[in-house]
Amino acid sequence: MKRLLLVEDEEHLAIIIKYNLEAEGYEVLVAGEGPAALKMIEDDPLGIDLVVLDIMLPGMNGYAVCEAIRAQGLETPVLILSARTLTEDRIRGFDVGADQYLQKPFDLDELLSRVRNLLSRRQRHAAVDQGEGPHTYEFARAKINFDTFEVTVADEPVRLTHTEIKLLRYFIEREGSVISRSQLLEDVWGFDSTPTTRTVDNFIVKLRKYFEADPSEPRHFLSVRGAGYRFVARGAPNEQ
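Values in this document were obtained by computation on a predicted structure and should not be read as measured data.

1. Concerning the sheet that holds strand β9 (residues 156-158)
By way of backbone hydrogen bonds, the strands of a sheet pair with one another, either parallel or antiparallel.
For step 1, the next point in the chain: Pairing is antiparallel across the open sheet formed by 4 strands, whose spatial order is β6-β7-β8-β9. Here the strands that pair on one side only, and so sit at the sheet edges, are β6 (136-139) and β9. Geometrically, the sheet is characterised by an average inter-axis angle of 20° between neighbouring strands, direction not taken into account.
For step 2, the next point in the chain: Relative to strand β8 (residues 150-153), strand β7 (residues 142-145) is paired through 4 bridges, and the arrangement is antiparallel. Following the sheet pairing, asparagine 145 is matched in β8 by glutamate 150.

2. Some details on the nonpolar core
Within soluble globular proteins, side chains that are nonpolar tend to cluster in buried spots.
For step 1, the next point in the chain: Counting 52 residues, the largest nonpolar core has Val51, Phe139, Leu167, Phe171, Leu184, Trp189 and Phe211 as its most contacted members.
For step 2, the next point in the chain: With 6 residues, helix α6 (residues 162-173) is the largest single contributor of residues to this core.
For step 3, the next point in the chain: If we skip the residues at most four places from it in the chain, phenylalanine 211 touches Phe139, Arg141, Ala142, Val151, Val153, Leu160, Leu168, His220 and Phe221.
For step 4, the next point in the chain: Listed in part, the 19 residues of the second largest apolar core include Ile17, Leu21, Val28 and Leu118.

Rules behind the numbers
Residues numbered from 1 in each chain as written. Predicted model: local features only at pLDDT ≥ 70, side-chain atom pairs only at ≥ 80, totals over all residues. Heavy atoms only, no water. Pairing = 2+ DSSP bridges. Helix = DSSP H or I, 4+ residues; strand = E, 2+ residues; numbered from the N terminus. Axes fitted to C-alpha atoms, helices over the stretch in contact; angles between N-to-C directions. Core = buried A, V, L, I, M, F, W, Y, C linked by side-chain atoms within 4.5 Å. Buried < 20%, exposed > 50% of the residue type's maximum accessible area, 1.4 Å probe, protein only. Contact = heavy atoms within 4.5 Å.

Written out as structure tokens, the structure is:
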């Protein structure tokens, strides 16, 4: 049985979510504040299969909780629930290591679907960690260790967020392929794109800043007009 940790300080909402998750066959632990949630994770770091995390919490907000989970080196999937609707809030959530972001009020069926998706994705990632994907990778001046999240460029350490590492690995595993923004949003961030979203573009700018010798003339993270982006390890002329 999968064990989930629900971190929600609104008692009535926590009861409803817990009831529906248990009806799906999950064991559900509940914490009403950030420090209590972290204590539960620290007591059994490998015993939690997924965290459903509110943002506005007493003691420590959800962003800080998620950041603390990732600082421990844990890859436990985190699904953020929040009434905040700004793009900046979603991006901040991904920057601190969240896997998905669901706005309140939400449909319970969608919440349950996202939980199933994240648990399934975790199983696929576990298979990758057992040898089906790269643990280390080098291109141009960069060296990446996906086990330790250590990255250097020209022998200088570079600190990437959890989402930036996920996006980088996604590109590396599909080296040479053209990948659309909607595909990246669905596979890396776990939600459908909208025509005006700039989430992917903003993260590509960050990767270029880290890895390109001249970010204004990228040779590795290339734009393909009207189609998306393409990663080229050996370097290529700008396709913009």
